[in-house]
Amino acid sequence: MASSLTKDSARPGTPGSEKTFFGHPRGLATLFMTEMWERFSYYGMRALLPLYLVAPGGLHLSAGAATAIYAVYLSLVYLLTLPGGWFADRVLGPRKTVAVAGLVIMVGHLCLALPAAASFYVGLALVAIGSGLLKANISTMVGHLYDGPEDPRRDGGFTLFYIGINLGAFIAPLVIGTVGENVNWHFGFALAALGMALGLVQFLLGSRHLSARSSEVPTPLSPAEKASTLRKGLIWLAVAVVFYGVVGGTGHFTLNWALIPLTLLGLIVPILVITRILRDKDLDSGERSKVSAYIWFFIAAAVFWMIYDQGGSTLSLFAEKSADNSVFGWEFPVSWYQSVNPVMIMALAPVFAWLWLWLNRRGQEPSTIVKFASGLVLVGVSFFLFLAPLSIAEGGHKAAALWLVAIYFAQTVGELTLSPVGLSVTTKMAPAKYASQMMGVWFLAVTAGDSVTALLSNPAIGGINLDRMGFVALEAALAVVAGFAVFMYRKKVKAMMGDVR
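What you are looking at is a predicted structure, and each value in this text was computed from that prediction instead of being measured.

K.L.:
Even after reading the chapter, I still don't get the overall build of the protein chain, so can you show me in this structure?
P.N.:
Along the protein chain, the regular secondary structure elements total 17 helices and seven strands. Over its C-alpha atoms the protein chain spans a radius of gyration of 23 Å, differing by no more than 12% from the 23 Å that the globule rule assigns to 501 residues. Along the first, second and third principal axes, the C-alpha atoms of the protein chain reach 65 × 55 × 55 Å. Buried residues in the protein chain amount to 52% of all 501 residues. At a minimum sequence separation of 6, the contacts of the protein chain that also span at least 24 residues come to 78%. Split by element, the accessible area of the protein chain, about 22000 Å² in all, is 68% carbon and sulfur. Treating the 35 positive side-chain charges of the protein chain as one cloud and the 27 negative ones as another, the clouds have centres 6 Å apart.

This is the structure in structure tokens:
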């Protein structure tokens, strides 16, 4: 990285103006590496998680239970971005919050590395909490490096940062997955802890290059608010301790006493948050109309992520038992499939960026609504493709690895069509009062989608085998129909969006 740092005196006073990172503030290198290592630890652990949960040498759970745990874990990561953002805004500030997050994640991975079921679930909780704290704030610090929204380097800086995310996500399954599957599961989780430790050390060493704004607490709690928040927190903690103490003490506790409440929380919180915003009397009619229109995008995104995130659970578990995981006779670990999406993202993201600009210059760029509808149809197509390897497996044969690659390809194209557009439309349609909070609402679409998956797959609730042809076809049809519904109602939604395009 050092070779990419060059002298730059064009912007005196800019954070890191004495050196640049590919023409960007020096602090971007710190955040790039922090996010790369954090994603390395997160995606490496995530690639192993469903496989470890069902493995005889792991927790040896059913596929349904493993899928439910995986889905609840993902939903929590995104649900916790809301309190993660609040904690930085009101208590510690982004920089200290990210440092705490890195430490919590590292300890969580170390707990996963211990060969005990109890420490494993504690580790999952810690990684989810740390990820929520970090995810909500590190992007904010990237923005702090630039001279406001009009800085011409800003978009390029976030693009480089995005490369760091996908670079870590691409390398992780190849390293952590290989060690976890072929050597020892817990060594793999320990490697994830090492990755986060490296990220934390370089963040602490390089934090002097960050903007001073990253250390500020934007809206600190007053003494009265601190006392009230602490009191409410302790009350809820006491309620939880007493309740689970009674359940455990009477011998009734099972994992579902934790999973089911968390699943329901992932469905209830998004509804409550959107309802609260929609009913806010401070919003004018135009803002309320935009929030009503945004609900369409939110539901569409929830359906998308419900199917998309099964790429790490349903598809991975299918590959483990029913796919020929080899290329030209060379067998590779199942976790390597999780590297397909990030490498495709890095390859295709510049193509899509160019395509939208090219179409825009010709006056033919699809509207936000059409892009959203396309993303839903594509993720539905990915599960229609899934029917082919399922059919092959039902015939007693192993499905070729290229079928799974094709599924991930369709999902990746769908992600590039829907996800960046969703982030953009969220910022455009947010009422002024909720400008920051609406990004958390966007993440709640992931929470809602994964919570539905957890509800359906949990043997104690839905008990549905998500890799059965009938249900896969139903999910695929749901996504395609939802895509066409969004497209057919595009004029009505467009009218509700007001001046947003």
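Now that the structure is up, let's keep going.
K.L.:
When you look at the domain arrangement of the protein chain in this model, what are you seeing that I'm missing?
P.N.:
Reports of interface size often rely on the accessible area that becomes lost once the parts have come together. Taken domain by domain, the protein chain consists of domain 1 (22-220), domain 2 (226-252) and domain 3 (254-500). The gap between the C-alpha centroids of domain 2 and domain 3 is 35 Å. Facing four residues of domain 2, the contacting portion of domain 3 comprises four residues. Here domain 2 and domain 3 share an interface that buries about 300 Å² over both sides, 63% of which is from carbon and sulfur atoms. Three residues, Tyr244, Val247 and His252, lead the burial of domain 2 against domain 3; their summed loss comes to 87% of the area buried on that side. Inspection of the domain 2/domain 3 interface yields zero salt bridges.

K.L.:
Whenever I open this one, the pattern of salt bridges confuses me. Can you help?
P.N.:
Close approach of charged atoms allows side chains with opposite charge to pair. The final tally for this structure, using the stated rule, is five salt bridges. Salt bridges sharing partners connect three or more residues here, namely Lys321, Asp467 and Arg468.

K.L.:
It is not clear to me how the packing of helix H1 (residues 27-54) against helix H11 (residues 314-322) should be interpreted in this structure. Could you clarify?
P.N.:
For any two helices packed against each other, one specifies the inter-axial angle together with the distance between the axes. As a packed pair, H1 and H11 sit with axes 9 Å apart at the nearest point and diverge in direction by 55°. By the criterion of interaxial angle, the relationship of H1 to H11 is oblique. Crossing angle aside, the handedness with which H1 passes H11 is right-handed. Between H1, through Pro50, Leu51 and Val54, and H11, the contact on the second element is made entirely by Ser316, Leu317 and Glu320. In terms of residue class, the contact of H1 with H11 is built from four nonpolar, one polar and one charged.

K.L.:
I would appreciate a short explanation of the layout of surface pockets in the present structure.
P.N.:
Gaps left between atoms show up when a probe the size of a water molecule is rolled over them. Counted as a void, the second largest pocket has a volume near 860 Å³. Lining the second largest pocket we find 16 residues, and of these Gly233, Trp236, Leu237, Ala240 and Leu265 sit closest to its centre. The element best represented in the lining of the second largest pocket is helix H8 (residues 223-249), accounting for eight residues.

K.L.:
Explain the packing of aromatic side chains to me, please; I cannot follow it from the model alone.
P.N.:
The description of an aromatic ring pair rests on the distance of the ring centres and on the angle between the ring planes. What the rule picks out here adds up to 26 aromatic pairs. Centroid distance Phe120 to Phe189: 5.9 Å. Interplanar angle 65°. Geometry classified as edge-to-face. Of this pair, Phe120 sits in helix H5 (residues 117-144) while Phe189 sits in helix H7 (residues 185-206), and the two are 69 residues apart along the sequence. Phe189 shares its class with Phe120; the two are buried. Ring plane angle 20° and centroid distance 6.4 Å describe the contact between Phe332 and Trp336, whose orientation is recorded as stacked. On the basis of relative accessibility, which here comes to 24%, the residue Trp336 falls in the partly exposed class. Looking at Lys371, its charged tip hangs above the ring of Trp356, at a distance of 4.2 Å from the centre.

K.L.:
Please explain the nonpolar core as it appears in this structure.
P.N.:
Nonpolar side chains tend toward joint burial in soluble globular proteins. Ranked by internal contacts, the top residues of the largest apolar core, which has 99 residues, are Met45, Tyr73, Phe120, Tyr294, Tyr337 and Leu404. Beyond its immediate sequence surroundings of up to four residues, Tyr73 is in contact with Tyr42, Met45, Leu49, Leu124, Val127 and Ala128. Met33, Ala99, Leu145 and Met196 belong to the second largest nonpolar core, which has 26 residues in total.

K.L.:
Explain helix H10 (residues 285-308) here, please?
P.N.:
In an α-helix, one turn spans 3.6 residues; hence positions three or four apart end up facing the same way. Across its 24 residues, H10 extends 35 Å between first and last C-alpha, which sits within 8% of the 34 Å expected from 1.5 Å per residue. Structurally, the start of H10 carries an N-cap: the backbone nitrogen of Gly286 is 3.1 Å from a side-chain oxygen of Asp284.

K.L.:
Please clarify how the environment of Thr263 should be interpreted in this entry.
P.N.:
Along the chain, Thr263 turns up in helix H9 (residues 256-278). Using a relative accessible area of 2% as the deciding quantity, one classes Thr263 as buried. In this view, Thr263 contacts Val72, Ser451, Ala454 and Leu455; residues no more than four positions away in its chain are not counted. At 2.8 Å, the side chain of Thr263 forms a polar contact with the backbone oxygen of Leu259.

K.L.:
Honestly, a nonpolar patch on the surface in this entry has me stumped. Any pointers?
P.N.:
Taken together, Leu230, Leu234, Leu237 and Val241 make up a surface patch of nonpolar side chains, about 400 Å² in accessible area. Looking at the element boundaries, Leu234 is found in helix H8.

K.L.:
Would you take a moment to explain the packing of H9 against helix H15 (residues 437-457) for this structure?
P.N.:
One can describe the packing of H9 onto H15 by two numbers: an axis separation of 8 Å at closest approach and a directional angle of 145°. Considering only the axes of H9 and H15, their crossing is left-handed. Side by side, H9 and H15 meet where Thr263, Leu264, Gly266, Leu267, Val269, Pro270, Val273, Ile274, Arg276 and Ile277 of the first sit next to Gln437, Met438, Val441, Leu444, Thr447, Ala448, Ser451, Val452, Ala454 and Leu455 of the second.

K.L.:
What is the right way to look at unusual backbone geometry in this model?
P.N.:
Phi is mostly negative for residues that are not glycine, and the peptide bonds are mostly trans. A positive phi is found at His60, a non-glycine position, where the angle reads about 55°. Topologically, His60 is positioned in the loop between H1 and helix H2 (63-79). What makes His60 exposed here is its relative accessible area of 54%. You will see that Phe328, though not glycine, has its phi angle at about 50°, which is positive.

Rules and cut-offs
By convention here, each chain's residues receive numbers from 1 onward along its written sequence. It should be noted that, the model being predicted, local features are given only for residues of pLDDT at least 70 and side-chain atom pairs only at 80 or more, the latter also being counted only at that level, while totals for whole chains, interfaces and linings use all residues. Just so you know, side-chain values use all the structure's heavy atoms and leave hydrogens and water out. Secondary structure elements are defined from DSSP: runs of H or I of at least 4 residues count as helices, runs of E of at least 2 residues count as strands, and each element is numbered from the N terminus. When we talk radius of gyration, it's over C-alpha atoms, and the globule rule is simply 2.2 Å times the number of residues to the 0.38. Summary of the burial criterion: residues with accessible area below 20% of their type's maximum are buried, those above 50% are exposed, and those between are partly exposed, where the area comes from a 1.4 Å probe applied to protein chains only. Here, two residues are considered to be in contact whenever any of their heavy atoms come within 4.5 Å of each other. Accessible surface area values rest on a Shrake-Rupley calculation with a 1.4 Å probe, where residue burial reflects the displayed protein chains alone. When charges are counted, Lys and Arg contribute as positive and Asp and Glu as negative, whereas His and the chain ends are disregarded. Taken as the charge location is NZ of Lys, CZ of Arg, CG of Asp or CD of Glu. Throughout, the edges of the domains are those of an automatic or database domain assignment. When two parts are brought into contact, each loses some accessible area as probed by a 1.4 Å sphere; the total of that loss over both is the buried area. For this document, the term salt bridge refers to a Lys or Arg side-chain nitrogen within 4 Å of an Asp or Glu carboxyl oxygen. For helices, the fitted line uses only the C-alpha atoms of the stretch in contact; every axis is such a line through C-alpha atoms, and the angle between N-to-C directions lies from 0 to 180 degrees. Our angle categories are set so that under 35 degrees counts as roughly parallel, over 145 as roughly antiparallel, 65 to 115 as roughly perpendicular, and the remainder as oblique. By definition, any crossing whose near helix is turned counterclockwise from its far helix by less than a right angle is left-handed, and any crossing with a clockwise turn is right-handed. Under the grouping applied here, Gly and all other residues not named as nonpolar or charged are polar, the nonpolar ones being Ala, Val, Leu, Ile, Met, Phe, Trp, Tyr, Cys and Pro and the charged ones Asp, Glu, Lys and Arg. Note on definitions: the grid is 1 Å and covers protein atoms alone; a cavity is a set of points where a 1.4 Å probe fits but cannot get out; a pocket is an open set with protein on both sides within 12 Å along at least five of seven lines; lining residues have an atom within 4 Å of a point. Grid points are joined across faces, edges and corners, and a volume is the space filled by probe spheres set on the points. Geometry of aromatic contacts follows a simple scheme: Phe, Tyr and Trp rings, the Trp one being its six-membered ring, pair when their centres are within 6.5 Å, and the pair is stacked under 30 degrees between planes, edge-to-face over 60, tilted otherwise. The rule for a charge over a ring is simple: NZ of Lys or CZ of Arg within 6 Å of the ring centre, and within 35 degrees of the ring normal. Throughout this description, the term nonpolar core refers to a set of buried Ala, Val, Leu, Ile, Met, Phe, Trp, Tyr and Cys residues connected via side-chain atoms within 4.5 Å. Here a helix's expected span is defined as the number of its residues, less one, multiplied by 1.5 Å. In protein, a polar contact requires one atom able to donate a hydrogen and another able to accept it; more generally it is a pair of N or O atoms within 3.5 Å, and residues adjacent in sequence count only if both atoms are side-chain atoms. In this analysis, a patch consists of residues with relative accessible area above 30% that form no salt bridge, clustered at 9 Å for like charges and at 5 Å for the nonpolar side chains Val, Leu, Ile, Met, Phe, Trp and Tyr.

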